[in-house]
There are 2 protein chains.
Amino acid sequence: MSVYLHDIPLSQAQERLRQALQEADLWRVLGVEEIPLDENALGRVTAEPIWAEVSSPHYHASAMDGFAVKAGDTNGAQPSSPIQLSVVSNRSSISNLQSPISQYVDTGDPLPGWANAVIPIENVESLDEHGEITSAIRSPASIRIRASVTPWSHVRPLGEDIVATQLVLPTGHVLRPADLGAIAASGHQTIKVARKPKVAILPTGTELVPIGSKLKAGDILEYNSLVIASQIKQMGGEPTRYPITKDDFDLICGRVQEAAQTHDLVLLNAGSSAGAEDFSSRVVEKLGTLLVHGVAVRPGHPVILGMINCQSKIENRKSDNLIPDTSHLTPIIGVPGYPVSAALTIDIFVEPLLAKWLGRRPLELPTEEATLTRKLVSPAGDDDFVRVAVGRVGDKLLAAPLSRGAGVITSLVQADGLALIPSGTQGMEAGEKVQVRLYRNKSEIEKTIFCIGSHDLTLDLIAQFLAEHDRRLASANVGSQGGLVALRRGEAHIAGSHLLDTQTGEYNISYIRQYMPNIPVKVVALVGRDQGLIVRKGNPKGIKSLGDLAGTGQGRGVQFVNRQRGAGTRVLLDYHLNLMTISPDSIAGYYQEEYTHLGVAAAVASERADCGLGVAAAAQALDLDFIPLFQERYDLVIPKLFADDDLLAPLFDLLADSRFQEAVSRLKGYDVSVMGNSILED
Amino acid sequence: MSVYLHDIPLSQAQERLRQALQEADLWRVLGVEEIPLDENALGRVTAEPIWAEVSSPHYHASAMDGFAVKAGDTNGAQPSSPIQLSVVSNRSSISNLQSPISQYVDTGDPLPGWANAVIPIENVESLDEHGEITSAIRSPASIRIRASVTPWSHVRPLGEDIVATQLVLPTGHVLRPADLGAIAASGHQTIKVARKPKVAILPTGTELVPIGSKLKAGDILEYNSLVIASQIKQMGGEPTRYPITKDDFDLICGRVQEAAQTHDLVLLNAGSSAGAEDFSSRVVEKLGTLLVHGVAVRPGHPVILGMINCQSKIENRKSDNLIPDTSHLTPIIGVPGYPVSAALTIDIFVEPLLAKWLGRRPLELPTEEATLTRKLVSPAGDDDFVRVAVGRVGDKLLAAPLSRGAGVITSLVQADGLALIPSGTQGMEAGEKVQVRLYRNKSEIEKTIFCIGSHDLTLDLIAQFLAEHDRRLASANVGSQGGLVALRRGEAHIAGSHLLDTQTGEYNISYIRQYMPNIPVKVVALVGRDQGLIVRKGNPKGIKSLGDLAGTGQGRGVQFVNRQRGAGTRVLLDYHLNLMTISPDSIAGYYQEEYTHLGVAAAVASERADCGLGVAAAAQALDLDFIPLFQERYDLVIPKLFADDDLLAPLFDLLADSRFQEAVSRLKGYDVSVMGNSILED
């Protein structure tokens, strides 16, 4: 059977894998092992129900420090007519003693056979042999009581906690600290748990180099196996990371066969190219059966599912596997090469499989409904998983889509959740409600400050410092004007803005009035900063001013890279081009847009452009030269609605924090003297 | 300074500890260690911000398999007027070649210096040297295209994911799988994390015996250290479990001193008696400073907080601690002996401390508002943490209080959350809203079947089997009538009932009409079962019938133990006593009540009573004898509202499952022939 790359729906792909595993008798708990009951049992999954061997307490125990009595002996005791009981030791033969009697017991002591209640020590008067109050309160000759007690009061009866034979925990329970205590209390010192599924991770690709390598163009750092191994570990499996295998068919076949014999699952992480996938599918076809090649899920498309034949597997596994494993098949999953696709493939296909093999419930992330901050387009045929930042702004829970690139691992790092655009829809509009599976719990999300607008390196420092004060900064870079629009829509708490009013020379205020009419705001200066031309080290093209950009200038063939429309830097450029009567069309690259200062610097560093307008810090970051041209002010704009909110308090504290100011002033071209100045307060 | 047992408010106790730690310069991250970037880094906490060393990608990379081109060369290409580009190899010297050119690239390959876009392979026609279509699609002589491309399309520009110098992760971040990938991608191969705080756990108490010991009366299994060590491990600390120390002042002092020198925190887990606490506080007073003795929190009261002096500590810690630790003090917490108190003390006092020492956020459980199912009384002065089962019944989220005994570890196992009754309130009424900190996520809670009413051992088996079908059974035993009342109030999905109508001889129906008027129900038979007298092995008192219970009978002095009012077994007893004209008052122990069959059996096993009426299975469970007297039917009562709910479907499936029926019929005195029979369907 040959299966060609043809995307099938997710549920169908999962079903094919499940069926193949069922046929191979692998759709079940793989094996059971008996482990000692210690803290390493934490997180393991019970493979059998746990029935109590003993009761707890296993005897009638005193629940207090006090005196054991027969309740009947205390009847009639009253404040005005006390009753006196002689005190016996636990070695006394009670047949020799006159009732009423009592005996001192500590908390946890067994009740004497003749007793059925305890009187707490603070409720008795301890008397010496002469009937006088004594300070030997725990060993008096007799006690006097002024109230009766009911039978079984202050006693923990046998079985109060656990009765022998009762069910303590069912099969498939993931063990938590208190569970271990209950298992111990019910008389066990070992526990039978599902053995950890062994998962082999095989990174393949001639272009891959190990973490820590010195990089040259075309090298790709192999860190997928690290992420996947961590995911497997977190899911309760036992990962093995194989070294990188080159794109050599026979080498890969050899490794897969070896891994399949000693593991329960093989993850073949191919390079991300279509060619590399074909390679993986041919390996699976040669060594076993290809079940699925391509799943209609985004990111993740080129997933491969199959079964590998391996005759000697039984031998290799027998030792640790109490449930006999009679299958000679090992499932294999071809995991796409792009890191986001790889990580989501593990979540979607491997997590439910490990759950089945461990006998536990599959992971279910808590789901909340959130409002989408921008339109999303999605292929109608795909289940599309979009990483989103989630935060509460006012009374709305917002989901702000992050980069959708399958190669952008930071989008997973920044994601607070996954929004699913199900197959059958072409996308969703801004403002629509979307179901988000949350990675963080809601209390963390409630402490997230949504920042939008113009990018400044200071925001990274703010994020770093806020983390120390129980706040998270989620920032999206949409340019200064975009930020003000987002504030008007109630989609962020603060916006960073450096919009020059070309009429007045003042920053931001006129734009705020225009884009956020009737919304009271507070505006605070964050930094003063240099704007200038970012050029390559040594400024090989000898650029000195904006005049050198124009084709009509000295004709040096300078390639420019611009910021996007609406960015404050773009406004500044246009303002000065206009002053200098330079036409945008005369500048090569004017319409080539980047969305951040660092994006501009990266374009210059990689020689995609000769220069761009930006801040000094961006040039410094990528070891480029910088030609300062103008100074500008970068403000934080905050709707009054949020300005007094507890959420933002640590941010305002930060602006007065000398440690923070120092960290900012260490960035080249930054002036912190304006920091915290009130620019506007409605 | 001497501090006597005097409960202070929780916040004040926490504040005293914080201040003492601050004075000792221990209210901070304890130390930093550099560890390799591998899957063991999972869950560790970043001790420094992580800034990117390299960009990712670190070159302009092709995002597709295809042909690199200059975008300008494609201008004007249209379906009707294609453009042809010659294909060069990456070894070609382009100065020799005629534009327009193209070059084959795999996904991830660097873009040639002259190119600025990629045309995916599926969008080109590959031609051989004669201009004919060729199947050598990756190595043609030239390509033909019928559409232009814009610059940078299908290219992952340098820094698309990460730009060198950007903040990748802030300090205090708990590492997840994707984070490890991002750290690797940004050029690191090691990472600086907070070192794990070392926590010593010292169980003390002469009455304690290790897990697995053969128990005699008065022995207490020492499993608190296991639970605490697991908690510490889960919180990111490194626990050391010391062996049990007897109640010997000098021995305990020695152990504490030793532990304080090599650990960051000492947890002294005393026996649970008031005497044992005094012991702990004297140890702390001798070796250092006693800060707090007694906190107004339930369960947990006798918490001790203090600081131990240890001169040689600095030496012992230097090796792994990059931040110099100049303190000669080690905090100590006296943890109460009762297991629930112990576990909650760790949650309340140790978790926030470890969070501080690790530099991460303290754990915050998600909180939901739920409706209390019964009245709770609470001392006004205490913060009272009540373990509750949480489930959704209809549209109400319910919190059903579990056992409040500090010795009942199973109450923690069964708890879905903690309801806080804050100090200042005397308790709460049934039906009041209460804030619950949830231990489980909501999807698990939504899969909980709330079962209430009469107890039957079959319910344990149902719980065990349902766990395999993605359902949890939370059962509360309040007797048959209590169950029907709870159903009427909408506080459970199902009730187990075996109420005999003494007029008609029929079970349950007349009671359902009486207690649940106007509520349509479905009633299904669960089992037929024997009821009889549970007596000690060998029946030493020779009991044969109910007649032997009465003092007016053969006068054997038989001590009876009864079920609570409203229990079906109690109804059955009263019915037959009435038939036999035996007065309840003539039965010794008639008013002595137990709430479950097993409770009755335990009372007999422990010789608290000679006999009780119950089911055979309970007698068998505790190895007792059983004298069958009557047969009865035990039904499940389900309001129609829930009967067709998806939630209950696996329960109905179970009644027809032969594996389940077999498991039930293995219990002595059970008859499964009626199982699943429809008794009533409104």
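Higher on the page you've got the structure.
Residues numbered from 1 in each chain as written. Chains lettered and ligands numbered in written order. Predicted model: local features only at pLDDT ≥ 70, side-chain atom pairs only at ≥ 80, totals over all residues. Heavy atoms only, no water.

A. How the structure looks around the overall build of chain A. A count of helices and strands for chain A gives 18 helices and 38 strands. A compact globule built from 682 residues should have a C-alpha radius of gyration of about 26 Å, whereas chain A, at 36 Å, is more than 25% larger. Counting only C-alpha atoms, chain A reaches 120 × 70 × 45 Å along its principal axes. Out of the 682 residues in chain A, the part that is buried amounts to 59%. By sequence separation, contacts in chain A at least 24 residues apart represent 75% of the contacts at least 6 residues apart. By element, 50% of the accessible surface of chain A is carried by carbon and sulfur atoms, the whole surface being about 26300 Å². (Helix = DSSP H or I, 4+ residues; strand = E, 2+ residues; numbered from the N terminus. Rg over C-alpha atoms; globule rule 2.2 N^0.38 Å. Buried < 20%, exposed > 50% of the residue type's maximum accessible area, 1.4 Å probe, protein only. Contact = heavy atoms within 4.5 Å. Areas by Shrake-Rupley, 256 points an atom, 1.4 Å probe, with all protein chains shown as cover.)

B. Examining the sheet that holds strand β21 (residues 329-335) of chain B more closely. All names here are of chain B. Spatial strand order, β16-β13-β17-β21-β20-β18: 6 strands in an open sheet with mixed pairing. Each edge of the open sheet carries a strand with a single partner, namely β16 (238-241) and β18 (288-293). Strand-to-strand twist across the sheet, computed as the mean angle between neighbouring axes with direction ignored, equals 20 degrees. In this sheet, β21 lies alongside strand β20 (residues 304-309) in antiparallel orientation, the contact comprising 6 bridges. Along β21, the bridge assignment pairs I308 with T330. With respect to the sheet, helix α7 (residues 339-358) is in contact with β13 (198-203), β17 (265-269), β20 and β21, its orientation differing from that of β21 by roughly 160 degrees. (Pairing = 2+ DSSP bridges. Axes fitted to C-alpha atoms, helices over the stretch in contact; angles between N-to-C directions.)

C. Main features of the sheet that holds strand β8 (residues 125-127) of chain B. All names here are of chain B. Strand order in the open sheet formed by 6 strands is β7-β4-β6-β5-β9-β8, and the pairing between neighbours is mixed. The open sheet has two edge strands, β7 (117-120) and β8, and neither has a second partner. For this sheet the average axis-to-axis angle between neighbouring strands, irrespective of direction, equals 35 degrees. With 4 bridges connecting them, strand β5 (residues 83-88) and strand β9 (residues 142-145) associate as antiparallel partners. Note that in β9 the partner of S86 across the bridge is S142.

D. Focus on the packing of aromatic side chains. If you walk through the whole model with that rule in mind, you get 8 aromatic pairs over all chains. Summarising the aromatic geometry, the rings of Y590 of chain A and Y591 of chain A are spaced 4.9 Å apart at their centres and angled 80 degrees between planes, so their arrangement reads as edge-to-face. Ring centres 5.3 Å apart and planes at 75 degrees place the aromatic pair F465 of chain B and F660 of chain B in the edge-to-face group. One end of the pair, F465 of chain B, is in helix α10 (residues 458-467); the other, F660 of chain B, is in helix α18 (residues 658-665), and 195 residues separate them in sequence. Among the residues examined, F660 of chain B registers a relative accessible area of 0% and is labelled buried. (Phe/Tyr/Trp six-rings, centres within 6.5 Å; stacked < 30°, edge-to-face > 60°.)

E. Structural view of the relation of the copies chain A and chain B. Rotating chain A by 180 degrees and translating it 0.1 Å along the rotation axis places it on chain B, where the RMSD comes to 0.2 Å. Such values leave the two copies arranged in the relation of a two-fold axis. Relative to the rotation axis, the C-alpha of N441 of chain A is the closest in chain A, positioned 4.9 Å from it. A shared binding surface is used by both copies, with 100% of the interface residues of chain A retained as interface residues in chain B. (Least-squares fit on C-alpha atoms with pLDDT ≥ 70 in both.)

F. Structural view of the side chain of E222 of chain A. Within the secondary structure, E222 of chain A is located in strand β15 (residues 220-222). No salt bridge is formed by the buried E222 of chain A; its nearest oppositely charged neighbour, R241 of chain A, is found at 4.7 Å. (Lys, Arg positive; Asp, Glu negative; His and termini not counted. Salt bridge = Lys/Arg side-chain N within 4 Å of Asp/Glu carboxyl O.)

G. Representation of the pattern of salt bridges. Tallied over the entire structure, the rule returns 82 salt bridges over all chains. Between R28 of chain A and D25 of chain A there is a salt bridge, with its nearest N and O atoms 3.3 Å apart. Among the salt bridges present, the one from R44 of chain B reaches E33 of chain B, with a minimum N-O distance of 2.5 Å. Here R44 of chain B, found in the loop between β1 (32-36) and β2 (50-51), pairs with E33 of chain B, found in strand β1; they are 11 residues apart in sequence, far enough to count as distant. For R44 of chain B, a relative accessible area of 11% gives the class buried. In the salt-bridge network here, residues are joined through shared partners; they are R361 and E364 of chain A together with K447 and D470 of chain B.

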